[in-house]
Structure formats: structure tokens, C-alpha cells
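Understanding the architecture of this molecule
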Amino acid sequence: MKTMFEISKPGRKAFTLPSKDVNGELIESLPHRFRRGKTLRLPEVSEVDAVRHWTNLSQRNYHIDKGFYPLGSCTMKYNPKINEETAILSGFTEIHPLQTESFVQGALEIMYELGNMMSEITGLPAVSFQPVAGAHGEITGLMLTRTFFESKGENREIVLVPDSSHGTNPASTTLSGFKSVKVSSNERGLVNIDELEEKMDDGVALLMLTNPNTLGLFESEIKIISEIVHRKGGLIYLDGANLNALLGIVKPGETGVDIVHLNLHKTFSTPHGGGGPGGGGLCVRDDIAPFLPIPVVKKRKSGYELDYNLPRSIGKIHSFYGNFNVLVKAYTYLLMLGSNGLRRVSENAIINANYLKESLREDYELPYKQHAMHEFVLSGSRQKNLGVKTLDIAKRLLDLGFHAPTVYFPLIVQEALMIEPTETESKETLDAFISAMKKIADEVKNEPETLKNAPVTTPVRRLDEVKAARELKVRHTWEKENE
Ligand SMILES: *Cc1c(COP(=O)(O)O)cnc(C)c1O
């Protein structure tokens with residue numbers, strides 16, 4: 001496939017206009033220093049060629065609008081198109097963050113109402129939407145924790161991180177200047193309570209818990225865990241990126257959680273993409289609220305306003321108010337679902353995950369056998385013993401038309417395959433995925449070469465992933481070649 005840079009022909013245009021009936025005086029009157037010195041090297045193509053260029057590129061990539069995307073821990077649910085319809089309403093796109101509050105009451109109302117909805121969902125009263133990603137929410141939560149303890153004159157430097165937590169948790173902890181201390185899982189894949197009790201003392205600021213954890217298991221002893229941490233004066237942070245399993249069923253605040261971040265770009269159906277823009281809103285309990293980033297949206301008799309008067313705030317952690325457009329999408333999603341719909345999201349996400357788990361446990365090792373939440377983890381260890389790596393299985397899935405699950409994570413499972421179907425997939429799609437996984441299990445025994453050569457149907461074959469990460473090239477080299 002040739003890109004539009006390669007098919008460019010000098011003088012070709014995507015439009016025709018009647019010949020101009022004004023002279024060039026306006027341009028001539030522009031001071032020289034504001035004028036471009038060289039012509040821009042843009043491709044010159046017809047409109048249809050431009051459209052085909054982008055359409056073809058979109059098909060060379062894999063995306064949720066193209067097929068099933070069971071990437072564990074990422075909640076690749078379908079993003080309803082109505083979210084886009086509301087987000088491009090001119091009342092949202094043509095306002096400016098520096099506009100006087102009285103002119104943007106509608107936007108403030110959405111932020112306020114969405115905050116209320118998130119409070120209801122999490123059971124925690126105070127909200128900030130300033131963080132723009134999950135890991136950004138984590139950092140903000142850790143900054144809140146530090147300030148909270150400083151305000152009480154306490155010096156707590158340790159954050160306990162279970163080994164079943166998401167990788168960003170220990171990373172955010174270290175980046176925030178805390179010392180991260182691991183708590184192991186027990187044989188059921190849940191937090192080892194005895195070890196937690198041993199490690200929990202008055203030097204510990206926070207337990208950073210992913211629940212459901214990265215094995216897709218609900219920490220059923222969360223109340224006991226909370227009690228142990230709170231008894232020693234610590235806080236509980238819930239990594240709520242996996243809230244897709246809990247909506248309308250469990251309110252984290254009622255299980256003893258003090259701070260939680262949400263991933264609007266996972267659970268609340270706003271698109272993921274290239275690291276952003278996303279939404280990593282935080283909900284916190286009352287006595288942590290005074291430290292939230294400024295401003296917070298308040299409702300007064302006279303209308304909505306942005307309150308900067310929080311003297312104990314950690315300050316700002318992003319420009320303005322976070323990714324406002326993402327908030328409009330999440331708000332639309334919640335209004336469309338209503339509270340009954342919201343609970344069904346999680347119920348269906350859980351049923352779908354368990355259906356896949358039960359359908360595949362004969363063919364692949366299932367290290368933790370209990371009921372799963374919205375995702376579950378298989379191990380490719382049996383296949384590894386026959387000489388086929390989990391990476392080969394993942395690559396073969398691409399040939400069979402599916403995105404691969406998350407592989408080699410969580411680290412506590414050998415050859416892990418972490419599968420999250422989400423609620424937006426039909427039984428037919430799940431069945432097709434099951435067939436593909438079973439076919440692969442057969443191929444491991446009968447024709448392992450097929451797996452080792454995969455993928456053969458994708459635009460590029462196996463990439464040198466280390467080189468790709470170290471020598472990032474994001475620009476087409478057309479300009480250079482033509483210079
Ligand atoms: C995705 C995820 C994160 C990180 O969220 P980002 O928006 O990618 O920063 C953190 N924790 C869990 C459990 C996740 O699934």
C-alpha cells in the first residue's frame with residue numbers, strides 16, 4: 001500500500017474553487033517576519049486518495065471498532081458513538097477554560113453532576129477530575145496521602161503493594177518518593193493477611209490495593225484488610241481502574257477504601273488511545289477532601305463556580321480542569337445507562353469472563369480456579385512444555401482475527417494470558433474466540449511450526465520490540481528522501 005506521501009503529484013488538489021476575485025494585497029501587507037519562508041511539504045492528492053490513505057491506515061491497525069480485543073486489565077469495551085456526538089456539540093467545543101464562570105455554567109454543571117455520580121458509584125464524597133490517566137490518579141492519590149499525614153505531623157514513608165497489584169502501583173509509589181514494600185499473595189491469589197498484619201505498622205502510610213486484583217479475583221477479605229490498615233492509622237488506596245467488575249454492586253467506600261481512582265477511558269467507555277487523552281478522576285473521603293487539587297467545582301445558590309480557595313490543597317496537577325471532553329463522554333455514557341444499566345454492565349462483564357474461563361480450562365492451565373470477576377488469568381505453561389511460548393500463542397491469535405490478551409502479566413503467573421472480554425461482546429463473538437483458542441491448543445500439539453511463524457496475515461510480522469521501544473520513529477521519512 002502506498003501512502004499519500006508517495007502518490008503525491010505536484011499541483012493535485014482535493015478541491016476546486018472558482019478562480020479568486022480578490023488580489024493578493026492582504027498577504028502582501030503581512031509583515032515579513034510572520035510569513036513562512038519555505039512552502040510546506042504537504043502531499044498533494046485528490047480528496048478520494050486522501051480518504052483512502054486514512055481508511056487504509058486505520059485497517060492496518062487493530063482497534064475496538066474492528067474486532068474483539070480481550071486485553072486484560074485494559075477494559076477494551078466498545079465506545080458508544082453517541083459519546084462522540086455529544087462531545088462535539090459546539091457548546092462544549094467552542095468554550096475556553098479561561099472564560100468567565102457565568103458563561104460556562106453548563107460545562108461546570110456536567111463536571112459537578114458527573115462528580116456526584118462518581119461519588120454515588122464509589123461511596124466516597126469528594127471528587128477531582130484533574131488527573132488525566134490512571135497512573136496520574138495514583139500519583140495524585142499519593143501526593144494527597146503525603147499531605148494528609150504531614151498535616152497531622154506524622155512521618156510515614158512506606159506504601160504496601162500486594163504482588164497482585166497493577167504494575168503502575170509500585171512505580172507510582174517510587175516516583176512519589178515513598179518506599180514500596182511488597183505483600184505476597186496466598187495460595188488462593190488473595191492478599192496474605194498474616195503477612196499484611198506483620199508489615200503494617202505506624203511507618204506505613206498506605207496500602208495500595210487493586211481490587212479485583214490483576215488475577216481477576218475479588219479481595220473477599222477487604223473488610224478485614226481495611227481494619228488492619230486503619231487500626232495502625234494507615235489509609236487504603238484502591239486502584240479502581242478495574243471498576244468494571246463492581247459498578248452498582250460494591251461501593252469501594254463501604255469496604256473501607258479512603259481514596260480511589262477511576263479510569264474513565266476504561267470503565268466509562270471513553271476511548272483509550274496512544275497514552276491519552278484519558279480521565280483518571282479521584283474520589284476521596286471527607287477528611288482528605290481539603291487537600292484535593294484546585295479548583296474544585298462547587299454549587300452555590302447563584303450557580304456553579306470553580307473554588308480555588310483550598311489553602312491546604314496539593315495545588316494543580318494538570319492545566320485547567322483535566323480533560324473536559326472526556327468528562328462529557330463519560331457523563332453521556334452514564335446518562336444513557338441509568339443506574340440499572342450500570343449494574344448490568346458489571347454483571348455481564350463478569351458472566352462473559354467466567355464463560356470464557358470455564359470454556360478454556362480444559363485446554364489451558366487455570367492456576368486460580370475460583371469464580372472470576374471481569375477478567376481471569378490462564379497460563380500457557382502446558383504449551384511451553386511442548387516448546388511453544390505464550391508469545392507464539394498471542395501472535396497466532398492475530399492471524400485468527402483477534403487482538404491478543406495481555407501476556408506475561410501478572411508476574412505471579414508463569415506464561416500468563418490475562419483475558420478480559422468486557423460486557424460489550426456477544427456470545428457469538430466469545431464462542432469464536434473460544435474456537436480460536438482451542439484451535440491453537442491443537443496446533444501446539446500437531447503443528448507447532450504454524451505458531452512459531454505467526455503472524456503471517458498482519459501488515460508487519462514479528463517486530464523487534466526492544467528496538468521499537470528504544471529507537472522510536474514516529475515520522476514517515478518521505479521528506480528526507482525527497483530533499
Ligand atoms: C490501566 C490500569 C492502570 C493505569 O491506567 P493508565 O490510564 O494507563 O495510566 C492502573 N491500574 C490498573 C489496574 C489498570 O488496569
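Rules used in this analysis
Residues numbered from 1 in each chain as written. Predicted model: local features only at pLDDT ≥ 70, side-chain atom pairs only at ≥ 80, totals over all residues. Heavy atoms only, no water. Domains from an automatic or database assignment. Contact = heavy atoms within 4.5 Å. Buried area = accessible area lost by both parts, 1.4 Å probe. Salt bridge = Lys/Arg side-chain N within 4 Å of Asp/Glu carboxyl O. Polar contact = N/O pair within 3.5 Å; in protein donor to acceptor, adjacent residues only side chain to side chain. Nonpolar A, V, L, I, M, F, W, Y, C, P; charged D, E, K, R; others polar. Patch = residues over 30% accessible without salt bridge, like charges linked within 9 Å, V, L, I, M, F, W, Y side chains within 5 Å. Areas by Shrake-Rupley, 256 points an atom, 1.4 Å probe, with all protein chains shown as cover. Helix = DSSP H or I, 4+ residues; strand = E, 2+ residues; numbered from the N terminus. Buried < 20%, exposed > 50% of the residue type's maximum accessible area, 1.4 Å probe, protein only. Pairing = 2+ DSSP bridges. Axes fitted to C-alpha atoms, helices over the stretch in contact; angles between N-to-C directions. Near = heavy atom within 4 Å.

1. Quick notes on the domain arrangement of the chain
Domain boundaries in the chain define domain 1 (1-59), domain 2 (81-336) and domain 3 (341-469). If you average the C-alpha positions of domain 2 and of domain 3, the two centres end up 30 Å apart. Between domain 2 and domain 3, the contact holds 27 residues from the first and 22 residues from the second. With both sides pooled, the region where domain 2 packs onto domain 3 buries about 1,800 Å², and carbon together with sulfur makes up 65% of that total. When the area that domain 2 buries against domain 3 is broken down by residue, the three leading residues are Thr-214, Leu-215 and Asn-244, summing to 30%. On inspection of domain 2 and its partner domain 3, the count reaches zero salt bridges. Remark: the boundary between domain 2 and domain 3 carries seven residue pairs in polar contact (both at pLDDT 80 or more). By residue class, the composition of the side of domain 2 that touches domain 3 is 12 nonpolar, 12 polar and three charged.

2. A short note on a nonpolar patch on the surface
Taken together, the side chains of Met-1, Trp-54 and Leu-57 define a hydrophobic patch exposed on the protein surface, amounting to about 330 Å² of accessible area. Mapped onto the elements of the fold, Leu-57 is located in helix α2 (residues 47-60). Its relative accessible area of 32% is what places Leu-57 among the partly exposed residues.

3. A look at the sheet that holds strand β2 (residues 158-162)
Picture the strands of a sheet paired through backbone hydrogen bonds; they go either parallel or antiparallel. Pairing is mixed across the open sheet formed by seven strands, whose spatial order is β1-β7-β6-β5-β4-β2-β3. The sheet terminates laterally at β1 (126-128) and β3 (179-183), the two strands that pair on one side only. The mean inter-strand angle of the sheet, taken between neighbouring strand axes irrespective of direction, is 20 degrees. Relative to strand β5 (residues 235-240), strand β4 (residues 204-210) runs parallel, the two sharing five bridges. In the strand pairing of β5, Leu-207 is matched with Ile-236. Of the strands in this sheet, β2, β4, β5, β6 (259-262) and β7 (282-284) touch helix α6 (residues 134-151), which is tilted by about 170 degrees from β5.

4. Re the site of the ligand
The immediate surroundings of the ligand are formed by 14 residues, with Ser-73, Gly-134, Asp-239, His-265 and Lys-266 found nearest. Between Ser-73 and the ligand, the recorded distance is 2.6 Å, taken from a backbone N or O atom to an oxygen atom. At 2.5 Å from a nitrogen atom of the ligand is found a side-chain nitrogen or oxygen belonging to Asp-239. Summarising the interface, the protein chains cover 85% of the accessible area of the ligand, which totals 380 Å² for the free molecule. Partitioning the shell around the ligand into residue classes produces three nonpolar, eight polar and three charged.

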